Amino acid sequence: MTDVAAERTALAELTQKLGVDIDPELLSLALTHRSWAYEHGQGPHNERLEFLGDSVLGLAVTVRLYTAHPELDEGALAKRRASVVSTVALAEIARGIGLGRHLLLGRGEDLTGGRDKDSILADTMEAVFGATYLSAGSDAATALVLRLVEPLLADPERYGAAMDPKTSLQELAAHRGLLPPVYSVTASGPDHDRQFTATVLIGDVVSEGNGTSKKQAEMAAALKAWKDLSGRA
């Protein structure tokens, strides 16, 4: 199979998984990280679509929370929205649909684990929402967003974990009678594109997370550990 044919097959597979008809060129653009564009003649990449998708995501989640929870005040609604649209939450959604293997990444980014970095996965997920909006319209984009975020919306306990995973993990540890979590962090990559990997140890559970800052990596690791310890997928 030629590279072009393989790409078309991969895009068709992802489109089927998303359940919405997205223009192949727009979907390919949504999957194109700036590192790929830089290595291929400074071509277009997905950051404009990401900008659009961020608004699509925010509005869809805001309207759903507002209509579904008349009992919540503005502060509670804002907290829930922030957790669902967070980098950690979006990266989790992206992993659930296998988005990482479809990314177009530069060689260096690929070699340093870019396909599983929270920041890249979350940004790409937003770009996919933007591509859906342009291809299929507002209703289709909103429906896609809500279908993918439904697991978070349906599990209130995960709001706190997604919003502040380190605190949630520490509280869960105390509840289980375990010692507080212990974190270690390593860094890789050049100074202008530093990447961090955090490892957290709690009881017999060891979990890892990645991010573009030490804090982000620790949050990703904490959420993974919280899910492992609480038995959530």
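Residues numbered from 1 in each chain as written. Predicted model: local features only at pLDDT ≥ 70, side-chain atom pairs only at ≥ 80, totals over all residues. Heavy atoms only, no water.

## Some points on the sheet that holds strand S1 (residues 182–188)
If you walk across this open sheet you meet the three strands as S1-S2-S3, and the pairing is antiparallel. The open sheet has two free edges, formed respectively by S1 and strand S3 (205–211), since each of these has just one partner strand. Strand-to-strand, the axes of this sheet are offset by a mean angle of 20 degrees, without reference to chain direction. In this sheet, S3 lies alongside strand S2 (residues 195–202) in antiparallel orientation, the contact comprising seven bridges. (Pairing = 2+ DSSP bridges. Helix = DSSP H or I, 4+ residues; strand = E, 2+ residues; numbered from the N terminus. Axes fitted to C-alpha atoms, helices over the stretch in contact; angles between N-to-C directions.)

## Observations regarding the packing of helix H6 (residues 87–96) against helix H12 (residues 214–230)
Helix-helix packing is described using two parameters, namely the angle between the two axes and the distance between the axes. As a packed pair, H6 and H12 sit with axes 10 Å apart at the nearest point and diverge in direction by 60 degrees. By the criterion of interaxial angle, the relationship of H6 to H12 is oblique. Both H6 and H12 take part in a crossing whose hand is right-handed. Of the residues in H12, those in contact with Thr 87, Val 88 and Glu 92 of H6 are Gln 216, Met 219, Ala 220, Leu 223 and Lys 227. Looking at side-chain class alone, the contact of H6 with H12 contains four nonpolar, two polar and two charged residues. (Parallel < 35°, antiparallel > 145°, perpendicular 65-115°, else oblique. Left-handed = near helix turned anticlockwise from the far one by under 90°. Contact = heavy atoms within 4.5 Å. Nonpolar A, V, L, I, M, F, W, Y, C, P; charged D, E, K, R; others polar.)

## A look at a nonpolar patch on the surface
Taken together, the side chains of Val 182, Leu 201 and Val 206 make up a nonpolar region of the molecular surface, amounting to roughly 270 Å² of accessible area. Positionally, Val 206 belongs in strand S3. (Patch = residues over 30% accessible without salt bridge, like charges linked within 9 Å, V, L, I, M, F, W, Y side chains within 5 Å. Areas by Shrake-Rupley, 256 points an atom, 1.4 Å probe, with all protein chains shown as cover. Salt bridge = Lys/Arg side-chain N within 4 Å of Asp/Glu carboxyl O.)

## Brief notes about the confidence of the model for the chain
Of all residues in the chain, 95% have pLDDT values of 70 or greater, and the mean over the chain is 89. Ranking the elements of the chain by mean pLDDT puts helix H10 (residues 157–163) last with 71 and helix H4 (residues 47–68) first with 96. (pLDDT = per-residue confidence, 0-100.)

## Details of helix H11 (residues 165–175)
When H11 is considered as a whole, its buried residues turn out to be Pro 165, Ser 168, Leu 169, Leu 172 and Ala 173. An end-on view of H11 places all buried positions within 135 degrees of arc, on one side of the element. H11 presents Glu 171 and Ala 174 as exposed residues on the side facing more than 90 degrees away from its buried surface. Directly beyond the C-terminal end of H11, a positive phi value near 75 degrees is found at Gly 177. (Buried < 20%, exposed > 50% of the residue type's maximum accessible area, 1.4 Å probe, protein only. Arc of directions from axis to C-beta.)

## Regarding the layout of surface pockets
Estimates place the volume of the largest pocket at around 420 Å³. In this structure, the largest pocket is lined by 23 residues; those nearest its centre are His 33, Arg 34, Ser 35, Glu 109 and Asp 193. Within the residue set of the lining of the largest pocket, elements represented by two or more residues are helix H3 (34–39), H4, helix H7 (107–111) and helix H8 (118–136). When residues in the lining of the largest pocket are grouped by element, the largest group, four residues, is from H3. Across the lining of the largest pocket, the residue classes break down as three nonpolar, eleven polar and nine charged. Its volume calculated, the second largest pocket comes out at about 220 Å³. (1 Å grid on protein atoms, 1.4 Å probe; cavity = no way out; pocket = protein on both sides within 12 Å on 5 of 7 lines; lining within 4 Å. Points joined across faces, edges and corners; volume = space filled by probe spheres on them.)

## What about the nonpolar core?
If you look at soluble globular proteins, the nonpolar side chains tend to sit buried side by side. With 41 residues, the main nonpolar core has Leu 18, Leu 99, Met 125, Val 128, Phe 129, Val 145 and Val 149 as its most contacted residues. Elements supplying a minimum of two residues to this core: helix H1 (3–18), helix H2 (24–30), H4, helix H5 (74–84), H6, H8 and helix H9 (138–153). With residues up to four places along the chain from it excluded, the contact list for Val 128 reads Leu 18, Ile 22, Leu 27, Ala 30 and Leu 99. Val 88, Ala 173, Ala 198 and Ile 202 belong to the second largest nonpolar core, which has 17 residues in total. (Core = buried A, V, L, I, M, F, W, Y, C linked by side-chain atoms within 4.5 Å.)

## Side note on the pattern of salt bridges
In the structure shown here, the tally under the stated rule is ten salt bridges. In this structure, Arg 95 engages Asp 118 in a salt bridge whose closest nitrogen and oxygen atoms are separated by 2.5 Å. Of the two residues, Arg 95 is situated in helix H6 and Asp 118 in helix H8; the sequence distance between them amounts to 23 residues. Connected via shared salt-bridge partners are Arg 95, Asp 116 and Asp 118.

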